[in-house]
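Spelled out from the first residue to the last, the chains are:
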Amino acid sequence: MESFTPLTAALGGTLIGLAAAVLWLGNGRIAGISGIFGQLLPPAQTVLWRLVFLVCLVAATFLAARAFPQLGVGGVVPAELVPPPAAWSVPVPVWLIAAGLLTGIGTRIGNGCTSGHGVCGLARLSLRSLVAVAVFFSVAILTVAVTGIV
Amino acid sequence: MPIARLPYLATAALSGALFGAGLYVSQMVDPLKVLRFLDVTAIPTGGWDASLAFVIVPAIAVMFIAVRIGKARSAPLFDTSFHSPEYTKIDRRLIGGAALFGLGWGMSGICPGPAISLIAFQPDGLWLFLAAMLAGSLAGSLIVPSGHVRRLADAAR
């Protein structure tokens, strides 16, 4: 697998931008996945469209991998999660649970993730989103550098 | 009530499908590829993968145009108004939340979009991550609530 893939990256990014555009101009909703996911459970009232969105997201990922298996991970190359850095000797489940908890609580408190703040917020020229993006990218970059996970 | 209308749900379905296809085509479903973008220590050795930047820039550009188009309209096609985010202040919750998310993202290479789309491939450990992510989101809802009315009231405090 090529490590740097600018063409498929730009094509995929355009599709993601179209997804956000369709949801905004059609339904007036922000395509922020953490918000859509996090507001699936009660007391949220508008669950149905969120469920439809997420089911179609998974189905399209699956079908795209079937239609274009050479294109990426999940097609010919199986998808895998990344194990914790060996030097830390942390059991895999503990690492994944910690990362999942941090992602869930952080995106809720910070009110968005890579899609809500990163794509939609920056496109809306939201200063709040710019701050959030700067913070989560910086911390993520620092985390990768410190843990040596790659 | 817009939520039960067919065009409204079809729009959500189309948007979700475009999103899922985009995540696969761009390979952002691959946690290792995301981590290789975040690993800036690899820049001097030439091992850095800049792909994620090539994903997010066109995505922002397309959405930027959509936001411009939306500004000229009083409402979206299938609802009575645009649902802009309730929260507008830059506060400790925004920064603290973004920092916690950045930590989780850097540990795993998985942000919420890819976390969901990876369900298509069911890699080992994914359900554990998703369950933890949902639990974290519920825990966070004690601080930042769900629902438009509650959020508006909370944002006004």
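Cut-offs and rules
Residues numbered from 1 in each chain as written. Chains lettered and ligands numbered in written order. Predicted model: local features only at pLDDT ≥ 70, side-chain atom pairs only at ≥ 80, totals over all residues. Contact = placed C-beta atoms within 7 Å. Helix = DSSP H or I, 4+ residues; strand = E, 2+ residues; numbered from the N terminus. Nonpolar A, V, L, I, M, F, W, Y, C, P; charged D, E, K, R; others polar. UniProt positions renumbered as here; feature names shortened; annotations may be inferred. Axes fitted to C-alpha atoms, helices over the stretch in contact; angles between N-to-C directions. Left-handed = near helix turned anticlockwise from the far one by under 90°. Core = buried A, V, L, I, M, F, W, Y, C linked by C-beta atoms within 7 Å. Buried ≥ 20, exposed ≤ 12 C-beta atoms within 10 Å, placed from the backbone. Expected span 1.5 Å × (residues − 1). Domains from an automatic or database assignment.

Observations concerning the interface of chain A and chain B
Step number 1: Facing 106 residues of chain A, the contacting portion of chain B comprises 108 residues.
Step number 2: Elements that contribute at least two residues to the side of chain A that touches chain B include exactly helix 1 (6–27), helix 2 (33–38), helix 3 (48–67), helix 4 (92–109), helix 5 (114–123) and helix 6 (127–147) of chain A.
Step number 3: Tallying contributions element by element places helix 1 of chain A first for the side of chain A that touches chain B, with 21 residues.
Step number 4: Along the lines of polarity and charge, the residues of the side of chain A that touches chain B split into 70 nonpolar, 31 polar and five charged.

Remarks on the UniProt feature "transmembrane region" (unreviewed entry) in chain A
All names here are of chain A.
Step number 1: UniProt's entry tags residues 6–26, 47–68, 88–109 and 130–149 with the feature "transmembrane region" (unreviewed entry), counted in the numbering of this structure.
Step number 2: As annotated, residues 47–68 has a helix share of 91% and a strand share of 0%, and its two end C-alpha atoms lie 32 Å apart.
Step number 3: End-to-end, the C-alpha atoms of residues 130–149 are 26 Å apart, and along that stretch the chain is 90% helix and 0% strand.

Considering the packing of helix 4 of chain A against helix 6 (residues 126–140) of chain B
Step number 1: Look at helix 4 of chain A against helix 6 of chain B: their axes get within 6 Å of each other, and the N-to-C directions meet at 35°. The handedness of the crossing between helix 4 of chain A and helix 6 of chain B is right-handed.

Some details on the UniProt feature "transmembrane region" (unreviewed entry) in chain B
Residues and elements named next belong to chain B.
Step number 1: Under the feature "transmembrane region" (unreviewed entry), the UniProt entry names residues 7–26, 46–67, 94–120 and 126–144.
Step number 2: Here residues 94–120 runs as 78% helix and 0% strand, with 31 Å between its end C-alpha atoms.
Step number 3: What you have in residues 126–144 is 79% helix and 0% strand, and the ends, taken at the C-alpha atoms, are 26 Å apart.

Notes on the nonpolar core
Step number 1: Core analysis: the biggest nonpolar cluster contains 94 residues, and Ala19(A), Ala20(A) and Met63(B) have the highest contact counts within it.
Step number 2: Considering each element in turn, this core owes the most residues, eleven residues, to helix 1 of chain A.
Step number 3: Apart from residues no more than four positions distant in its own chain, Met63(B) is found in contact with Gly17(A), Ala20(A), Ala21(A), Val119(A), Cys120(A) and Ala123(A).

Brief notes about helix 3 (residues 51–71) of chain B
Given 3.6 residues to a turn, an α-helix orients residues that are three or four positions apart in the same direction.
Step number 1: In this model helix 3 of chain B runs 31 Å from its N-terminal to its C-terminal C-alpha over 21 residues, within 8% of the 30 Å that 1.5 Å per residue would give.
Step number 2: Within helix 3 of chain B, the full set of buried residues consists of Ser51(B), Leu52(B), Phe54(B), Val55(B), Ile56(B), Pro58(B), Ala59(B), Ile60(B), Val62(B), Met63(B) and Ala66(B).
Step number 3: Where helix 3 of chain B is buried, its residues contact helix 1 and helix 5 of chain A together with helix 2 (31–38) of chain B.

Details of the domain arrangement of chain B
Residues and elements named next belong to chain B.
Step number 1: We note that the domain assignment places domain 1 (1–84) and domain 2 (88–157) within chain B.
Step number 2: Taking only C-alpha atoms into account, the centre of domain 1 sits 17 Å from that of domain 2.
Step number 3: Facing eleven residues of domain 1, the contacting portion of domain 2 comprises eight residues.
Step number 4: Broken down by secondary-structure element, the contributors of at least two residues to the side of domain 1 that touches domain 2 are helix 1 (6–25) and helix 2.
Step number 5: At five residues, helix 2 tops the list of elements feeding residues into the side of domain 1 that touches domain 2.
Step number 6: In terms of residue class, the side of domain 1 that touches domain 2 is made up of ten nonpolar, one polar and no charged.

Notes on unusual backbone geometry
All names here are of chain B.
Step number 1: A positive phi angle is found at Gln27, which is not glycine, with a value near 65°.
Step number 2: Residue placement: Gln27 occurs in the loop between helix 1 and helix 2.
Step number 3: One non-glycine residue, Gln122, adopts positive backbone phi at about 45°.
Step number 4: Its place among the elements puts Gln122 in the loop between helix 5 (112–117) and helix 6.

Examining the domain arrangement of chain A
Residues and elements named next belong to chain A.
Step number 1: The domain boundaries assigned to chain A delineate domain 1 (1–80) and domain 2 (81–150).
Step number 2: Between the C-alpha centres of domain 1 and domain 2 the distance comes to 18 Å.
Step number 3: Contacts between the two partners involve eleven residues from domain 1 and, on the opposite side, nine residues from domain 2.
Step number 4: Sorting the residues of the side of domain 1 that touches domain 2 by element identifies helix 1 and helix 2 as the ones contributing at least two each.
Step number 5: The element contributing the most residues to the side of domain 1 that touches domain 2 is helix 2, with four residues.

Regarding helix 4 (residues 92–108) of chain B
Step number 1: End to end, helix 4 of chain B covers 24 Å across 17 residues, agreeing with the expected 24 Å (1.5 Å per residue, within 8%).
Step number 2: Among the 17 residues in helix 4 of chain B, 13 count as buried, and that is most of the element.

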